[in-house]
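Listed below are the residues making up each chain.
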Amino acid sequence: QVQLVESGGGLVQAGGSLRLSCAASGSTSSLNTIGWYRQAPGKQRELVATISSGGSTNYADSVKGRFTISRDNTKNTVYLQMNSLKPEDTAVYYCNLKEVYSIGDYVNYWGQGTQVTVSS
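Residues numbered from 1 in each chain as written. Predicted model: local features only at pLDDT ≥ 70, side-chain atom pairs only at ≥ 80, totals over all residues. Heavy atoms only, no water.

### With respect to the overall build of the protein chain
Broken down by element type, the protein chain carries zero helices and eleven strands. Reading the protein chain from its N end, one meets helices and strands in the order β-β-β-β-β-β-β-β-β-β-β. Each principal axis of the C-alpha distribution contributes one length, and for the protein chain these read about 45 × 30 × 25 Å. Across the 120 residues that make up the protein chain, the buried fraction comes to 39%. Of the contacts made within the protein chain by residues no fewer than 6 positions apart, 53% connect residues no fewer than 24 positions apart. As displayed, the protein chain offers around 6,500 Å² of accessible surface, 47% of which is attributable to carbon and sulfur atoms. (Helix = DSSP H or I, 4+ residues; strand = E, 2+ residues; numbered from the N terminus. Buried < 20%, exposed > 50% of the residue type's maximum accessible area, 1.4 Å probe, protein only. Contact = heavy atoms within 4.5 Å. Areas by Shrake-Rupley, 256 points an atom, 1.4 Å probe, with all protein chains shown as cover.)

Here you go:
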């Protein structure tokens, strides 16, 4: 059973930094993409950043140049370093693991979410 445990959220002033961590366990596929999505009140969940098992990264335009995603495969952990935070970054951040078994055959897993609040 896949479990994703997030940590690192909190309250920070605009311009500040936070680092989110997500520890994954129970994954059975060596091919996966792990990353972060966020959902602000009244808005749909949106992609923030992902990183594949091969190290390829993908970022939302709104966070490019400010956020950096990385993964430590020895610890099965993904990190999101968030710098130059803005009030519009305020949201619940969810860790996502996409296990890929074959073309078109995959399963998504989600963490419980961690709140990030950026004050102006």
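### Quick look at the state of the cysteines
Under the counting rule described, the total for this entry stands at one disulfide. Each sulfur of the disulfide joining Cys22 and Cys95 lies 2.1 Å from the other. Judged by the torsion about the S-S bond (-85°), the Cys22/Cys95 disulfide is left-handed. Here the residue Cys22 occupies a position in strand 3 (residues 18-25), and Cys95 occupies one in strand 9 (residues 91-102), the gap between them amounting to 73 residues. (Disulfide = S-S within 2.5 Å.)

### With respect to the nonpolar core
Ranked by internal contacts, the top residues of the largest apolar core, which has 28 residues, are Trp36, Leu80, Met82 and Tyr93. Of all the elements in the fold, those that place two or more residues in this core are strand 3, strand 4 (32-39), strand 5 (46-52), strand 7 (67-72), strand 8 (77-82), strand 9 and strand 11 (114-119). (Core = buried A, V, L, I, M, F, W, Y, C linked by side-chain atoms within 4.5 Å.)

### Quick notes on the side chain of Ser21
With respect to the element layout, Ser21 can be found in strand 3. Each residue touching Ser21, except ones within four places of it in the same chain, is listed here: Val5, Glu6, Ser7, Trp36, Thr77, Val78 and Tyr79.

### With respect to the environment of Arg38
By secondary structure assignment, the location of Arg38 is in strand 4. Residue Arg38 is classed as buried on the basis of its relative accessible area of 5%. In this structure, the C-alpha to C-alpha distance between Arg38 and Gly113, residues 75 residues apart in sequence, is 8.5 Å. Among the polar contacts listed, one links the side chain of Arg38 to the side chain of Ser62, at a separation of 3.4 Å. (Polar contact = N/O pair within 3.5 Å; in protein donor to acceptor, adjacent residues only side chain to side chain.)

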